[in-house]
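Chain by chain, the residues:
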Amino acid sequence: MRVVIQDDYNKMTKWAADYITAKIKAHNEGPEKARPFVLGLPTGSSPIGVYKELIRQNKAGELSFANVVTFNMDEYLGLPKDHDQSYWYFMHDNFFDHLVDMKPENINILDGMTADPEKECADYEAKIASYGGIDLFMGGIGVDGHIAFNEPFTSLASRTGLRTLTSDTRIVNSRFFGNDPEKVPAQALSVGVGTVFDSKEVLVLINGHNKARALAATVEGAVSQKWTCSALQYHNGAIIACDEAACDELTVGAYKYFLDIERGERL
């Protein structure tokens, strides 16, 4: 596992965006360029800075999304696409609508209005598999370490499916729903922990002091369903990009080790 510690949120997201750009460019210049680069994407506050930088690079002609296929992590059940809190809306408002060469047919987001959630999720898994899997999945984690909507005690082998949200998650997300947890949908469709970790690489963004305990559990804790993020310890291509504030709960030895091993700023 790589842990890349940056001074602040802006530097963290710039590093992550540059890493994604380098991977897309390497793919498009390599032996597999005939197939698209498959990128997994999250919503939430953590990736906003990454999206802004990727948009900047795309508009400046430094990065093309013409050969990129995306799969989003999750979607609220029961919210239509045009609802301003749906993840379809979030992704288009914050990212896709600003790219100059992103093909709409290459964007994949779970349908929160599906009449058959089980089939929707099975089809999503099958479509990911049809591309040969995901090359790089970017994600964030909650304060309790959950990835996507895989709440604590979700199976670490879980696949895309219907998830019931905890009260804590609905309270945290209520800031987007007029601070009323009851307005936050109680269920969502989400990729599984196993779905994410089938990806060739997983890049997780962790920023802020409120995520410090989750970062420590991810890096130094035991692998456990209580902290679904801890499954990163078993992934050969796991990278955590974090800021200094998120490192408050790391042991001094671990903190110094990761700073030392990343010295030289390799990508």
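Model, not experiment: these values are computed from the prediction.

Novice: Is there a simple way to explain the pattern of salt bridges in this structure?
Specialist: Any two side chains of opposite charge can pair, given that their charged atoms come close. Inspection of every chain in the model, using the stated rule, returns 14 salt bridges. For E32, the salt bridge identified is with R35, shortest N-O distance 3.2 Å. The salt bridge involving E62 is made with R56; its shortest N-O contact spans 3.3 Å. E62 sits in the partly exposed class, given a relative accessible area of 35%. One salt-bridge network, held together by shared partners, links K14, D18, E53, R56 and E62.

Novice: Would you take a moment to explain the nonpolar core for this structure?
Specialist: Taken as a class, soluble globular proteins show a tendency for nonpolar side chains to be buried jointly. Among the nonpolar cores identified, the biggest contains 40 residues, and V196, F197, I206, L215, I240 and C242 are the most heavily contacted of them. Secondary structure elements with two or more residues in this core: β1 (2–6), β3 (68–72), α4 (117–130), α6 (193–197), β9 (201–206), α7 (212–220), β10 (238–243) and α8 (252–261). Setting aside chain neighbours within four positions, we find I240 in contact with M1, R2, V3, V4, V204, I206, L215, T218, V219 and L232. In terms of nonpolar packing, the next biggest core, distinct from the first, is built from 32 residues, W15, L99, L136 and A241 among them.

Novice: Hey, could you run me through the pairing of β3 in this one?
Specialist: Across a regular strand the side chains alternate sides, sitting on one face of the sheet and then on the other. Within β3, five of the five residues are buried, which leaves the element mostly enclosed by the surrounding structure. Burial along β3 is two-sided: V68, T70 and N72 and V69 and F71, pointing in opposite directions, are all buried. As paired strands, strand β2 (residues 37–41) and β3 are joined by five bridges and run parallel to one another. Note on β3: the bridge partner recorded for V38 is V69. Strand direction decides the pairing type here: β3 and strand β5 (residues 107–108), joined by two bridges, are parallel. Of the residues in β5, the one forming a bridge with F71 is N108.

Novice: Explain the layout of surface pockets to me, please; I cannot follow it from the model alone.
Specialist: Over the atoms, a rolled probe matching the size of one water molecule traces out where space is still vacant. Its volume calculated, the largest pocket comes out at about 780 Å³. Lining the largest pocket are 35 residues, with T43, G44, S45, N173 and R175 positioned closest to its centre. At the level of secondary structure, the elements contributing two or more residues to the lining of the largest pocket comprise β4 (74–76), α3 (87–94) and α5 (167–173). For the lining of the largest pocket, the leading source of residues is α3, giving five residues. Across the lining of the largest pocket, the residue classes tally to 14 nonpolar, 14 polar and seven charged.

Novice: Looking at this model, I keep getting lost on the sheet that holds strand β7 (residues 161–164). Mind explaining?
Specialist: Strand pairing in a sheet is mediated by backbone hydrogen bonds. Such pairs are either parallel or antiparallel. On the basis of which strands lie adjacent, the open sheet formed by three strands has the order β4-β8-β7 and antiparallel pairing. With partners counted over all chains shown, the strands left at the sheet margins are β4 and β7, one partner each. Each adjacent strand pair in this sheet contributes to an overall mean axis angle of 30°, direction not counted.

Novice: Can you walk me through unusual backbone geometry in this structure?
Specialist: It is generally the case that most residues other than glycine have a negative phi and that most peptide bonds are trans. Within the chain, A148 stands out as a residue other than glycine whose phi angle is a positive 55°. Mapped onto the secondary structure, A148 falls in the loop between β6 (136–140) and β7. Given the relative accessible area of 9%, A148 is considered buried. Of note in this structure, N179 is not a glycine but carries a positive phi near 60°. Tracing the sequence through the fold places N179 in the loop between α5 and β8 (187–190). For N179, a relative accessible area of 59% translates into the label exposed.

Novice: Hey, could you run me through the packing of helix α2 (residues 48–59) against α3 in this one?
Specialist: For any two helices packed against each other, one specifies the inter-axial angle together with the distance between the axes. Following both chains from N to C, one finds α2 and α3 inclined at 45°, their axes separated by 10 Å at the closest point. In this view, α2 runs oblique relative to α3, as classed from their interaxial angle. Along the contact surface, α2 presents I48, Y51 and I55, while α3 presents F90, M91 and N94. Residues of the contact of α2 with α3, tallied by class, amount to five nonpolar, one polar and no charged.

Novice: How should the environment of L162 be read in this particular structure?
Specialist: Examined against the element boundaries, L162 turns out to sit in strand β7. Owing to a relative accessible area of 41%, L162 belongs among the partly exposed residues under this scheme. Taking the C-alpha atoms as reference, L162 lies 8.4 Å from L77; in sequence the two are 85 residues apart. In contact with L162, other than residues within four places in its own chain, are L77, C121, Q187, A188 and L189.

Novice: Hey, could you run me through α4 in this one?
Specialist: An α-helix turns once every 3.6 residues. As a result, residues three or four positions apart point the same way. In this model, α4 (14 residues) spans 20 Å end to end at C-alpha, consistent with the 20 Å of a helix rising 1.5 Å per residue. Every buried residue of α4 is accounted for by E120, C121, Y124, E125 and I128. Along α4, the residues classed as buried sweep out an arc of 135° about the axis, all on the same side. Projecting away from the buried face of α4 at angles above 90 degrees are the exposed residues E118, A129 and S130. Among the structural elements, β3, β5, β7, β8 and α6 are those in contact with the buried residues of α4. With its phi angle positive at about 85°, G132 sits one or two positions after the end of α4.

Definitions and cut-offs
- Residues numbered from 1 in each chain as written.
- Predicted model: local features only at pLDDT ≥ 70, side-chain atom pairs only at ≥ 80, totals over all residues.
- Heavy atoms only, no water.
- Salt bridge = Lys/Arg side-chain N within 4 Å of Asp/Glu carboxyl O.
- Buried < 20%, exposed > 50% of the residue type's maximum accessible area, 1.4 Å probe, protein only.
- Core = buried A, V, L, I, M, F, W, Y, C linked by side-chain atoms within 4.5 Å.
- Helix = DSSP H or I, 4+ residues; strand = E, 2+ residues; numbered from the N terminus.
- Contact = heavy atoms within 4.5 Å.
- Pairing = 2+ DSSP bridges.
- 1 Å grid on protein atoms, 1.4 Å probe; cavity = no way out; pocket = protein on both sides within 12 Å on 5 of 7 lines; lining within 4 Å.
- Points joined across faces, edges and corners; volume = space filled by probe spheres on them.
- Nonpolar A, V, L, I, M, F, W, Y, C, P; charged D, E, K, R; others polar.
- Axes fitted to C-alpha atoms, helices over the stretch in contact; angles between N-to-C directions.
- Parallel < 35°, antiparallel > 145°, perpendicular 65-115°, else oblique.
- Expected span 1.5 Å × (residues − 1).
- Arc of directions from axis to C-beta.

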